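These are the residues of each chain, in order.
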Amino acid sequence: MSELNAEQIVDLTTPGELQLSADGARVAYVLQAGSKKDEHGASSLWVVPTDGSAPTRQFTSGEAKDSSPGWSPDGRQLAFLSDRAKRGTAQLYALPVDGGEARLLGDKESKQAVKQFAWSPGGGLIAFSSADEQTEDEERREKERDDVNVYGERFKYARLRLLSLASNEVTTLVSQERHVADFAWHPQGTELAYVTWQTPELESLAHEQVIERIPLAGGEAQVVCRWPGSVGDLTWSEDGKLLFFMSSASHKAQSSQVVYCVAAEGGEPRRLAGGETNCALQLFPLHYQQQVALSVAEGLSQQLYRLDGQSGELSRIFPATEQEEIAFGSTDVRRLEDGRIVLAMARATSTQPAEVWVATGNAGEPLSDMRQLSAHHQELAGIPFVEQEAFYWTAPDGWKLDGLLLRPATASEGQRLPTVVLVHGGPYGRWRAGFNLSWGNWAQWLALAGYAVLMPNPRGGSGHGEEFAAAALGDVGGADYGDVMAAVDAAIERGIADPERLGIGGWSQGGFMSAWAVTQTSRFKAAIMGAGVSDWGLMVQTSDLPAFEQELGATAPWDGLAAQRHRELSPITFASQVKTPVLILHGENDARVPVSQAIGFHRALRHYQVPAEMALYPREPHGISERAHQLDLLYRVRRWYDRWLRA
């Protein structure tokens with residue numbers, strides 16, 4: 001029996017970006033480690049036949065960052081993005097499936113990254129998006145360091161472009177001063193539909209977005225609809241009459257994701273599915289009539305449905321029965337010419353990391369014929385990972401809630417254990433079935449060290465519809481905090497948690513909840529605030545998603561002295577009440593939750609002489625990615641809880 005070490009966690013590889021060939025015979029995917037050893041990181045492309053007739057085959061070396069595989073319609077080529085020519089700048093390549101070298105597509109002198117691409121249905125064209133090349137004046141300014149950043153003066157808008165495979169020539173289809181954020185080919189390859197933002201900033205997610213369509217034969221673009229919020233997963237129906245997309249139920253960022261459709265000729269989008277008691281996750285084209293496939297979060301489980309564009313009716317594709325013990329991440333689904341459905345997924349369980357699996361079956365019936373195609377985690381064989389349990393409890397106001405519980409196999413019946421409460425991010429996130437172990441998910445890492453790990457899903461998260469998701473608006477640290485504490489009480493009442501050895505921790509919104517909890521109660525003996533919010537007013541001023549942060553904190557500093565709800569919801573306002581030792585972890589280049597949130601809270605704790613430690617990770621954004629930093633973080637997390645919960 002082996003013991004898990006932090007090196008195995010940060011080196012754990014995960015298959016992602018799965019793409020089925022048009023005939024469903026093969027699946028391509030990206031294999032990437034959870035950490036990077038240099039500035040840019042690396043990943044490789046793999047291919048495996050879906051009938052299991054041959055083992056997985058590595059298609060690229062993995063010395064650069066290769067991503068976004070896309071099959072040509074005839075299945076003979078695999079296009080992908082890679083930064084092999086210039087690290088950090090993704091360019092478009094094509095690789096013959098039967099052997100040969102990858103070739104660079106388009107302008108060999110381009111210095112701008114390709115953001116997204118898609119083959120035309122006929123295979124002779126590839127649409128892609130990228131920013132304009134630097135002008136001579138911009139190059140001169142950069143060289144001479146005459147690079148004053150005036151807001152809005154030099155936005156790098158993504159343009160929609162077209163590459164001819166025959167001539168390798170590139171033309172620009174959409175070039176106005178707006179940002180092309182997503183696009184999709186008409187099923188006949190005659191035109192493209194696309195989504196534009198007002199600017200390339202993430203802040204544009206909170207403003208009007210426009211769906212347009214443009215013919216390849218020439219002519220003006222046509223506005224399909226204007227939409228007050230984000231638009232994602234743009235997808236055509238097979239007959240070209242409908243466009244499907246995902247957006248929020250309330251036109252706010254903190255809201256359940258649902259599916260809409262709109263007539264391609266233009267009109268008012270109508271809501272189709274999601275948001276009642278579940279939440280939409282991802283749309284997939286089915287290439288059949290006016291149907292698409294839809295992945296949905298339902299409580300702790302995940303389901304895949306067929307969605308009818310006229311009636312909004314959902315019929316289950318996978319799994320065949322209700323299952324809470326498995327989870328699938330990256331997914332692709334295709335309906336073949338003979339009517340069969342092929343589903344490829346990165347499937348994980350509580351004790352097995354994600355591997356590539358495939359399921360097949362007849363259209364109109366749930367898929368059940370499953371087989372595993374990859375085996376990338378042999379080095380973890382023999383490690384006694386903890387079986388996680390579904391954990392249910394009732395909130396003070398009667399809401400029925402769910403989460404996960406991990407108890408070490410070495411614990412005896414009725415033994416009260418030191419318990420760590422891990423709170424998920426978002427708040428529109430959730431803990432779910434699957435393999436809960438990474439640099440930022442410490443569930444297995446702590447359970448294997450002898451802790452009970454409680455993973456509650458408080459209101460504000462996904463999986464339970466719009467009323468549940470919207471409950472965090474303007475009230476973070478209110479009823480959602482009550483949900484977390486009710487879960488703790490339930491774990492104590494059931495003889496699981498030792499009330500004298502309770503810890504709390506989490507990343508992002510989980511970091512906020514941990515900081516908030518220690519300002520409201522002294523029941524926790526240790527807390528870890530990972531990239532967490534301490535001041536909602538400052539978040540509105542400095543985060544890259546200001547409108548979203550104001551939705552959570554209710555008000556902004558410029559709203560005046562009478563509107564100070566954000567102060568009432570900020571942990572730093574109540575720092576004088578903290579008695580719990582706090583470990584603060586944060587990336588120095590975090591744009592989502594700027595590092596000032598950590599520094600400010602640490603200063604407040606020092607002022608009140610609270611035991612506190614702050615570790616800042618250079619170069620890191622909101623997620624920690626460098627290998628040495630992830631190792632430090634994992635060992636630091638265990639040491640902190642050991643110090644205060646086992647002393």
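Residues numbered from 1 in each chain as written. Predicted model: local features only at pLDDT ≥ 70, side-chain atom pairs only at ≥ 80, totals over all residues. Heavy atoms only, no water.

**Some words on the sheet that holds strand β13 (residues 179–185)**
At step 1: The strand order across the open sheet built from four strands is β13-β14-β15-β16, with neighbouring strands paired in antiparallel fashion. If you trace the sheet from one side to the other, it starts and ends with β13 and β16 (222–227), each paired once. Adjacent strand axes in the sheet meet at a mean angle of 20°, parallel and antiparallel pairs treated alike. (Pairing = 2+ DSSP bridges. Helix = DSSP H or I, 4+ residues; strand = E, 2+ residues; numbered from the N terminus. Axes fitted to C-alpha atoms, helices over the stretch in contact; angles between N-to-C directions.)

**A word on the nonpolar core**
Generally speaking, soluble globular proteins have nonpolar side chains that are buried together.
At step 1: If you look at the biggest cluster of nonpolar residues, it comprises 59 residues, and the most contacted ones within it are Trp442, Val453, Leu585, Leu633 and Tyr641.
At step 2: No other element matches helix α11 (residues 627–645), which puts seven residues into this core.
At step 3: Sequence-distant contacts of Leu585, defined by excluding residues within four places in its chain, comprise Trp507, Ile528, Met529, Gly530, Ala531, Ala615, Tyr617, Leu633, Arg636 and Val637.
At step 4: Listed in part, the 52 residues of the second largest apolar core include Leu405, Leu417, Val423 and Ala487. (Core = buried A, V, L, I, M, F, W, Y, C linked by side-chain atoms within 4.5 Å. Buried < 20%, exposed > 50% of the residue type's maximum accessible area, 1.4 Å probe, protein only. Contact = heavy atoms within 4.5 Å.)

**So, the packing of aromatic side chains**
At step 1: Going through the model one piece at a time under the given rule, you end up with 17 aromatic pairs.
At step 2: On the numbers, 5.8 Å between centres and 20° between planes, the contact of Phe80 with Tyr93 is stacked. Linking Phe80 in strand β6 (residues 77–82) with Tyr93 in strand β7 (residues 91–96), this pair joins segments that are 13 residues apart in sequence. Each of the two residues, Phe80 as well as Tyr93, counts as buried.
At step 3: Pairing Trp399 with Phe468 gives two aromatic rings, centres 5.8 Å apart and planes at 25°, and the pair type is stacked. You can see Trp399 sitting in the loop between β29 (388–394) and β30 (400–406) and its partner Phe468 sitting in helix α4 (residues 466–469), a full 69 residues away along the chain.
At step 4: The class for Trp399 is partly exposed, based on a relative accessible area of 24%.
At step 5: Within the aromatic cluster, the residues linked to one another by ring pairs are Phe512, Trp516, Trp536 and Phe574.
At step 6: The side chain of Arg335 reaches across the aromatic face of Tyr288, ending 3.5 Å from its centre. (Phe/Tyr/Trp six-rings, centres within 6.5 Å; stacked < 30°, edge-to-face > 60°. Lys NZ or Arg CZ within 6 Å of the ring centre and 35° of its normal.)

**Details of the pairing of strand β14 (residues 191–197)**
At step 1: The buried count for β14 comes to seven of seven residues, which makes it a mostly enclosed element.
At step 2: Burial along β14 is two-sided: Glu191, Ala193, Val195 and Trp197 and Leu192, Tyr194 and Thr196, pointing in opposite directions, are all buried.
At step 3: Two strands pair when backbone bridges link them, and β13 and β14 are joined in this way by six bridges, in the antiparallel orientation. Among the inter-strand pairings, Phe183 is bridged to a residue of β14, identified as Tyr194.
At step 4: Connecting β13 to the antiparallel partner β14 that follows it, the hairpin turn spans five residues, and Gly189 within it adopts a positive phi of roughly 75°.

**A look at the sheet that holds strand β19 (residues 257–263)**
At step 1: Across the sheet, four strands lie side by side as β17-β18-β19-β20; this open sheet has antiparallel pairing. Either end of the sheet is taken by a strand with one partner, and the two such strands are β17 (232–236) and β20 (270–273). Going from strand to strand, the sheet's axes swing by 30° on average, the running direction of each strand aside.
At step 2: Here seven bridges tie strand β18 (residues 242–248) to β19, and the two strands are oriented antiparallel to one another. The residue of β19 that forms the bridge with Ser248 is Gln257.

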